[in-house]
Amino acid sequence: MGNCDSVKVSVIMLTYNHKDYIRQAIESVLEQDVDFDYELIIGDDASDDESSEIVQEYVSSHPQIIKAHIRNMNIGAT
């Protein structure tokens, strides 16, 4: 996994203040048994709980799969 040219599925996950749920959501993607390359792209909209720290933890442990876009300022769903 990890070669952008071989990725067949991109999972996009948006989060804002989901510290109680983000681990379970990420784990649900990582636990899928697939025979193709995939990536998980997580967008955090400047959470003010520990959501972004949890996301960064997963990026560090799965850098070939997880990419994070963590905003410094909340912009909402637009």
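My aim in this report is to walk through the structure given alongside it, one point at a time. (Residues numbered from 1 in each chain as written. Predicted model: local features only at pLDDT ≥ 70, side-chain atom pairs only at ≥ 80, totals over all residues. Heavy atoms only, no water.)

**A closer look at the side chain of Asp37**
Relative to the assigned elements, Asp37 resides in strand S2 (residues 37-44). There is no salt bridge for the buried Asp37, and the closest opposite charge comes from Lys8, which lies 8.8 Å off by N-O distance. Only 2.5 Å separates the side chain of Asp37 from the side chain of Ser6, close enough to count as a polar contact. (Helix = DSSP H or I, 4+ residues; strand = E, 2+ residues; numbered from the N terminus. Buried < 20%, exposed > 50% of the residue type's maximum accessible area, 1.4 Å probe, protein only. Lys, Arg positive; Asp, Glu negative; His and termini not counted. Salt bridge = Lys/Arg side-chain N within 4 Å of Asp/Glu carboxyl O. Polar contact = N/O pair within 3.5 Å; in protein donor to acceptor, adjacent residues only side chain to side chain.)

**Quick word on the sheet that holds strand S1 (residues 7-15)**
Strand order in the open sheet made by the three strands is S1-S2-S3, with parallel pairing throughout. Each edge of the open sheet carries a strand with a single partner, namely S1 and strand S3 (66-70). Neighbour-to-neighbour, the strand axes of this sheet turn through a mean angle of 20°, independent of strand direction. In terms of strand pairing, S1 meets S2 through eight bridges, oriented parallel. Directly across from Leu14, in S2, lies its bridge partner Gly43. Against the sheet, helix H1 (residues 22-30) engages S1, S2 and S3, with an angle of about 175° to S1. Against the sheet, helix H2 (residues 51-61) touches S1, S2 and S3, its axis set at about 150° to S3. (Pairing = 2+ DSSP bridges. Axes fitted to C-alpha atoms, helices over the stretch in contact; angles between N-to-C directions. Contact = heavy atoms within 4.5 Å.)

**Topic: the environment of Lys8**
Turning to its location among the elements, Lys8 is positioned in strand S1. Residues Lys8 and Glu39 lie 31 residues apart in sequence; the distance between their C-alpha atoms is 8.4 Å. In this view, Lys8 contacts Phe36 and Asp37; residues no more than four positions away in its chain are not counted.

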